[in-house]
Amino acid sequence: MNAFDKHSKNVTAWCERCDQVFDALSTANVHKIETSHSVRIIEFWITKRR
């Protein structure tokens, strides 16, 4: 990344027991608390030119 790149940090998460996929960390945490399932979280950067 350099000064001319626009970037944002995104997250995706999925439940290891029921194979649901989440785009928001808050909904993944709610699912984790309500069902006591384990959720795997991946953070990644999206970059593009200005």
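Coordinates for the structure precede this section.
Conventions we followed
Residues numbered from 1 in each chain as written. Predicted model: local features only at pLDDT ≥ 70, side-chain atom pairs only at ≥ 80, totals over all residues. Heavy atoms only, no water. Salt bridge = Lys/Arg side-chain N within 4 Å of Asp/Glu carboxyl O. Helix = DSSP H or I, 4+ residues; strand = E, 2+ residues; numbered from the N terminus. Buried < 20%, exposed > 50% of the residue type's maximum accessible area, 1.4 Å probe, protein only. Core = buried A, V, L, I, M, F, W, Y, C linked by side-chain atoms within 4.5 Å. Contact = heavy atoms within 4.5 Å.

**Some points on the pattern of salt bridges**
Consideration 1: The full count for this structure, using the stated rule, is two salt bridges.
Consideration 2: Close ionic contact of Lys-9 with Glu-43 constitutes a salt bridge, the shortest N to O distance being 3.3 Å. Linking Lys-9 in strand 1 (residues 5-15) with Glu-43 in strand 3 (residues 39-49), this pair joins segments that are 34 residues apart in sequence.
Consideration 3: When its relative accessible area of 52% is taken as the criterion, Glu-43 is described as exposed.
Consideration 4: The salt bridge involving Arg-40 is made with Glu-16; its shortest N-O contact spans 2.7 Å. Taken as a pair, Arg-40 in strand 3 and Glu-16 in the loop between strand 1 and strand 2 (21-22) lie far apart in primary sequence, 24 residues in all.
Consideration 5: For Arg-40, a relative accessible area of 43% gives the class partly exposed.

**What to know about the nonpolar core**
Consideration 1: Counting five residues, the largest nonpolar core consists of Ala-13, Cys-15, Phe-22, Ala-28 and Val-39.
Consideration 2: Not counting chain neighbours up to four residues away, the residues in contact with Cys-15 comprise Gln-20, Phe-22, His-31, His-37, Ser-38 and Val-39.

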